[in-house]
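Structural description and commentary
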Amino acid sequence: MSVLAQGTSQAAPPPASSTPASSTPQDAQPQTVPAQPSTGQWLWPRGNAQGTGAITNTLPAELQVAWEFTADEAIEGEPIVTAEAVFVADVFGKVYALSRQTGKLLWMKDYETGFLAAPMVHQGKLIIGDVDGQVYALQVGDGKELWKHSTAGEISGAAAVYKDSILIASQDGKLYSLDDQTGKQRWVYEAEDQIQCSPSISGDRTFLGGCDARLHIVDLKSGKSAAKSLPLSGPTGSTPAICGDYAIVPVMDGIVFAFDLKTMKQLWAYQDLEQDQDYRSSAATNGEVVIVSSQRKHIDALDLKTGKRLWRHTLRRRSDASPVIAGDDVWVPATDGRLLRLSLQDGREKWTYEVRGSFIGGVAVTGDELFIADDDGIVRCFRKK
């Protein structure tokens, strides 16, 4: 990955660890959209097309493992959940479909490559990209391959959908729009460096954070820039979280940016001036609070409108996965093998489940269930005791 940052002349926030870099004009207050109730499914890796990583449902207070399934290799992407099945893919190229009720294997497809990104499900098709740059569409019922499309770089983020088009970003620096029935290319948008995130969609625009230190805004009908890209202080692989008129993007240089999509201006930039942070995962927001996880083992809660830090929880080891807000809780899988349930109000630890391995990928949360996989290839379903 290139680490050449553009637009780094942006002023740093005032000297406080949780102070916004700029304020919003009174006549241009962004509108927020709160987290939505769970549909009982988790079809997008961040829960929805906007990439917010948040639902309104709070899981039962007491959870236990309902079933486990062991894949052949480590799983680094989060599970995708439909009404009947759970889909995961491992780092050696196998795609698995499991019974949602029992965890029993329904089918498996072996591509002998590697999957780091999570799958995505759309109208009976499972879409996933691999480390060799191939994009596959599989029939969810039996795993039959429907089509394949080639890119020139590793695919690190999940696909997205706009109407009848599949959107997939590649480390070749391009965003591809593909016909969902045939995989035929419709258009290509090109950035100046790698794209490692998933596309976030709001209306007829998609948003991409790039290693070229820009937030790209693309018209989904034409594949052209819908607006001038917005400057970041450094490269990012994080999927932007779009909440109403807000776009939230953490960057590797340790700053969390908030932009007003009406005025196309920066609202605030959160930076910890006491200890440099490093953000490699995506933010979660429910319309009021933003949750970010840094490589320095910190989980921070920020006020969405001001960027002020509300609380901090420090982990024993870092979390590589993106946090998820589910009602009153924040769910954080950590590399020390702990799955933590934190209070959204104050960050206190409410519940912990520990495994021998490590959690790399995120959680999938439905109305009353949680699904997660670890680097030993074990997929777990949690339900009420």
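A brief report on the enclosed structure follows. Quick caveat, the model's predicted, so the values are computed rather than measured.

Quick notes on the rules
- Residues numbered from 1 in each chain as written.
- Predicted model: local features only at pLDDT ≥ 70, side-chain atom pairs only at ≥ 80, totals over all residues.
- Heavy atoms only, no water.
- Phe/Tyr/Trp six-rings, centres within 6.5 Å; stacked < 30°, edge-to-face > 60°.
- Buried < 20%, exposed > 50% of the residue type's maximum accessible area, 1.4 Å probe, protein only.
- Helix = DSSP H or I, 4+ residues; strand = E, 2+ residues; numbered from the N terminus.
- Disulfide = S-S within 2.5 Å.
- 1 Å grid on protein atoms, 1.4 Å probe; cavity = no way out; pocket = protein on both sides within 12 Å on 5 of 7 lines; lining within 4 Å.
- Points joined across faces, edges and corners; volume = space filled by probe spheres on them.
- Nonpolar A, V, L, I, M, F, W, Y, C, P; charged D, E, K, R; others polar.
- Contact = heavy atoms within 4.5 Å.
- Salt bridge = Lys/Arg side-chain N within 4 Å of Asp/Glu carboxyl O.
- Pairing = 2+ DSSP bridges.
- Core = buried A, V, L, I, M, F, W, Y, C linked by side-chain atoms within 4.5 Å.
- Polar contact = N/O pair within 3.5 Å; in protein donor to acceptor, adjacent residues only side chain to side chain.

A word on the packing of aromatic side chains. Scanning all chains against the criterion turns up 11 aromatic pairs. Seen in terms of ring centroids, Y111 and F115 are 6.3 Å apart; in terms of plane orientation they differ by 85°. Their pairing is edge-to-face. Judged by relative accessible area, which is 0%, F115 ranks as buried. Each ring, one from W331 and one from W351, has its centre 5.7 Å from the other, and the planes form 70°; the classification is edge-to-face. Residue W331 is located in strand β28 (residues 329-333), and its partner W351 is located in strand β30 (residues 349-354); the two are separated by 20 residues in the primary sequence. Residue classification places W351 among the buried residues on the basis of a relative accessible area of 15%. Among the aromatic residues, ring-to-ring pairing joins W331, W351, Y353 and F382 into one connected group.

Another aspect to go through is the state of the cysteines. Inspection of every chain in the model, using the stated rule, returns 0 disulfides. As a non-bridged cysteine, C243 has C197 as the owner of its nearest cysteine sulfur, 18 Å distant.

Roughly 800 Å³ of volume is contained in the largest pocket. In this structure, the largest pocket is lined by 31 residues; those nearest its centre are L116, S156, G237, R280 and D320. For the lining of the largest pocket, the class distribution of residues is 10 nonpolar, 14 polar and 7 charged. In this structure, the second largest pocket encloses a volume near 350 Å³. For the lining of the second largest pocket, the elements supplying multiple residues, two or more each, are β1 (54-55) and β19 (241-243).

The next thing to look at is empty space enclosed by the protein. Scanning the entire structure with this criterion turns up 1 cavity of 30 Å³ or more. Reported here for the largest cavity is a volume of approximately 80 Å³. For the largest cavity, the full set of lining residues is W44, P45, R46, N48, A49, G51, A158, A159, S198, P199, S200 and T239. The residue makeup of the lining of the largest cavity, split by class, is 6 nonpolar, 5 polar and 1 charged.

Mapped onto the elements, I255 comes out in strand β21 (residues 255-260). The buried category is assigned to I255, whose relative accessible area is 10%. In this structure the C-alpha to C-alpha distance between I255 and L208, which are 47 residues apart in sequence, comes to 17 Å. If near-sequence neighbours (up to four positions away) are discounted, I255 is found in contact with S233, V249, P250, A269, Y270, Q271 and Y279.

Let's shift gears to the pattern of salt bridges. One pass over the full model with this rule turns up 22 salt bridges. In this structure, D179 and R186 form a salt bridge, with 2.6 Å as the shortest nitrogen-oxygen distance. With a relative accessible area of 37%, R186 lands in the partly exposed category. In this structure, D245 engages K262 in a salt bridge whose closest nitrogen and oxygen atoms are separated by 3.7 Å. A residue pair is termed long-range when its members are at least 10 positions apart, and D245 in the loop between β19 and β20 (246-250) and K262 in the loop between β21 and β22 (265-271) qualify at 17 residues. Exposure remark for K262: the relative accessible area of 59% places this residue in the exposed category. A single network of salt bridges, built from pairs that share partners, joins R316, D336, R338, E349 and E354.

Spatially, the 5 strands line up as an open sheet ordered β1-β27-β28-β29-β30, and their pairing is mixed. Edge positions in the sheet fall to β1 and β30, since each has one partner strand and no second. In this sheet, β30 lies alongside strand β29 (residues 338-343) in antiparallel orientation, the contact comprising 5 bridges. By the bridge assignment for β30, L342 is matched with E349.

Within the largest apolar cluster, 44 residues are counted, with the highest numbers of intra-cluster contacts made by W331, L339, V365 and L370. By residue number, the principal contributor to this core is strand β4 (residues 85-89), which donates 5 residues. Excluding residues that lie within four positions of it along the chain, L339 makes contacts with W331, V332, P333, W351, T352, Y353, F359, V363, L370, I372 and F382.

A separate point is the side chain of S170. Summarising the element assignment, S170 is placed in the loop between β12 (165-169) and β13 (174-179). For S170, a relative accessible area of 0% puts it in the buried group. Polar contacts involving the side chain of S170 include one to the main-chain amide nitrogen of D172, which spans 3.1 Å. Beyond its immediate stretch of four places on either side in the chain, S170 contacts T151, A152, G153, E154, I155, Y176 and I195.

Quick look at unusual backbone geometry now. Of note in this structure, K163 is not a glycine but carries a positive phi near 55°. Judged by relative accessible area, which is 61%, K163 ranks as exposed. Positioned with a positive phi, M264 is a non-glycine residue whose angle comes to about 60°. By the element assignment, M264 lies in the loop between β21 and β22.

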